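# Coordinate inspection notes
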Amino acid sequence: SQVGFEEESQNPPTVGHWKPLMPSKGDKEEPEGGCQDAGGVPEPQSTEQLNVSRLRSSSVEIREKGSEFLRDELHKAQKELKLKDKECERLSKVREQLEQELEELTASLFEEAHKMVREANTKQAAAEKQLREARGKIDMLQAEVTALKTLVITSTPSSPNRELHPQLQSPSKAGFRKGHGRNKSTSSAVVSAASQSVAPEPVSRECKEVDSILFAEFQAWKESPTLDKSCSFLDRIYREDVGPCLDFTKQELSELVRVAVEQNTLTIEPVAPHTVPVGKVAAEECGGPKKCALSGLPRTCKHRIMLGDSGNYYYISPSCRARITAVCNFFTYIRYIQQGLVRQDVELMYWEVMRLRREMSLAKLGFYPSEM
């Protein structure tokens, strides 16, 4: 609009030929005289020139006012732009600050989460380690309790167990103790007692030679000890010793005894003299003080067995007890090896296994100590 006003000022409208008027205060008073002096111009022409002059002055005034108005609007717009620029700059700084705070917060949260995960993993590893140690101690104590139970329940004032009371052994047998001697000290010496008690004592005037096949089978089993009878070491012993030793006349009861021995749930206890079973117990017991439940032969039975927690008792003869005890001693020893309670040289452990196998072989042939 300002440009249009400037173009209009440069190109004024042309309305006929007219003479410039002299600006004076008496223009309105002397129009006629002036016109007449100028050469006798008619009155209408003077009026037209006056109107043109007024239009020109009004256009100039309008142009000036329009220019001033546009300048004011321009200044206002510039001020508003400056304010908006400042506001945009402030908002940009706020955004950058928020982004920085968000990044710092995210980093701190991730660091805290990683720290919590590390602490949880550390606590879990420590708890698992304590659990493994506790389980190992429980297994060791269970093995000790089982071994002590096997030895203690076979000793009574009327029929003491000579393994628990070495002073009752004869001098000729004092040097050779059957089974596994137990150290009756505190529980802190359990492992050392177990490793020392199973050491075979040398037998005088006896020559020994390691069988390479049997020793190789034992070494292979010792690398990864297990009670699974499918391995070559235990498979041979089951076929040659355990099976024949627990093969009694009463086949069904023999199978139950074998399973109880493998599961370590068989109990042997002495029979008190002149015991007369009565009531429910009499109906559950098999055999009797004068008849063996395993062989079916009339024998004097000083002991009876119980399979698990069934509460059923079976009277057994001394020969059957010797066979069962020999097998139990063997399984007790290999369980000690499996649980890591025996800390000896491999060859010494091998000879102890061979000694236990010899006891099973003698027992299945009918040889047993007189005190049984």
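Here, every reference points to the structure presented above.
Residues numbered from 1 in each chain as written. Predicted model: local features only at pLDDT ≥ 70, side-chain atom pairs only at ≥ 80, totals over all residues. Heavy atoms only, no water.

Before going further, it helps to spend a moment on helix α5 (residues 212–223). Taking 1.5 Å per residue as the helical rise, α5 with its 12 residues ought to reach 16 Å, and the 17 Å between its terminal C-alpha atoms agrees with that figure. The inward-facing, buried residues of α5 abut α6 (232–245), α9 (318–338) and α10 (346–364). (Helix = DSSP H or I, 4+ residues; strand = E, 2+ residues; numbered from the N terminus. Expected span 1.5 Å × (residues − 1). Contact = heavy atoms within 4.5 Å.)

A surface patch of nonpolar side chains, about 340 Å² in accessible area, is lined by Leu362, Leu365 and Phe367. Within the fold, leucine 365 resides in the segment after α10. You can call leucine 365 exposed: its relative accessible area is 60%. (Patch = residues over 30% accessible without salt bridge, like charges linked within 9 Å, V, L, I, M, F, W, Y side chains within 5 Å. Areas by Shrake-Rupley, 256 points an atom, 1.4 Å probe, with all protein chains shown as cover. Salt bridge = Lys/Arg side-chain N within 4 Å of Asp/Glu carboxyl O. Buried < 20%, exposed > 50% of the residue type's maximum accessible area, 1.4 Å probe, protein only.)

Adjacent strands of a sheet form backbone hydrogen bonds with each other and so pair up, either parallel or antiparallel. Taken together, three strands build an open sheet; the order of strands is β1-β2-β3 and the sheet is antiparallel. Pairing within the sheet leaves two strands with one partner each, and these edge strands are β1 (266–270) and β3 (313–316). On average, each strand axis in the sheet is tilted by 30 degrees relative to the strand beside it, whichever way the strands run. With respect to the sheet, helix α7 (residues 251–262) is in contact with β1, β2 (303–307) and β3, its orientation differing from that of β2 by roughly 75 degrees. (Pairing = 2+ DSSP bridges. Axes fitted to C-alpha atoms, helices over the stretch in contact; angles between N-to-C directions.)

Moving on to the packing of α5 against α6. Interaxial distance between α5 and α6 falls to 8 Å at its minimum, and their mutual angle equals 125 degrees. One element, α5, and the other, α6, form an angle in the oblique class. The segment α5 lies against α6, with Ile213, Leu214, Glu217, Phe218 and Trp221 engaging Ser232, Phe233, Leu234 and Arg236. Counted by class, the contact of α5 with α6 contains six nonpolar, one polar and two charged residues. (Parallel < 35°, antiparallel > 145°, perpendicular 65-115°, else oblique. Nonpolar A, V, L, I, M, F, W, Y, C, P; charged D, E, K, R; others polar.)

In this section: the packing of aromatic side chains. Following the criterion strictly, the structure yields eight aromatic pairs and no others. Look at phenylalanine 215 and tyrosine 350: their rings are 5.2 Å apart centre to centre, the planes differ by 90 degrees, and that puts the pair in the edge-to-face class. Here tyrosine 350 lies in helix α10 and phenylalanine 215 lies in helix α5, a separation of 135 residues in the sequence. For phenylalanine 215, a relative accessible area of 17% puts it in the buried group. Centroid distance phenylalanine 330 to phenylalanine 331: 5.6 Å. Interplanar angle 70 degrees. Geometry classified as edge-to-face. (Phe/Tyr/Trp six-rings, centres within 6.5 Å; stacked < 30°, edge-to-face > 60°.)

This next bit is on the nonpolar core. With 52 residues, the main nonpolar core has Val242, Val257, Leu266, Leu294, Ile305, Ile324 and Phe330 as its most contacted residues. Per-element accounting of this core gives the leading share, 11 residues, to α9. Of the residues that make up this core, three or more belong to each of domain 1 (52–155) and domain 2 (224–273 + 282–365). Look past the residues within four positions of leucine 294 in its chain and what remains in contact with it is Phe248, Thr249, Lys250, Leu253, Ser254, Val257, Tyr315, Ile316, Cys320 and Ile324. (Core = buried A, V, L, I, M, F, W, Y, C linked by side-chain atoms within 4.5 Å. Domains from an automatic or database assignment.)

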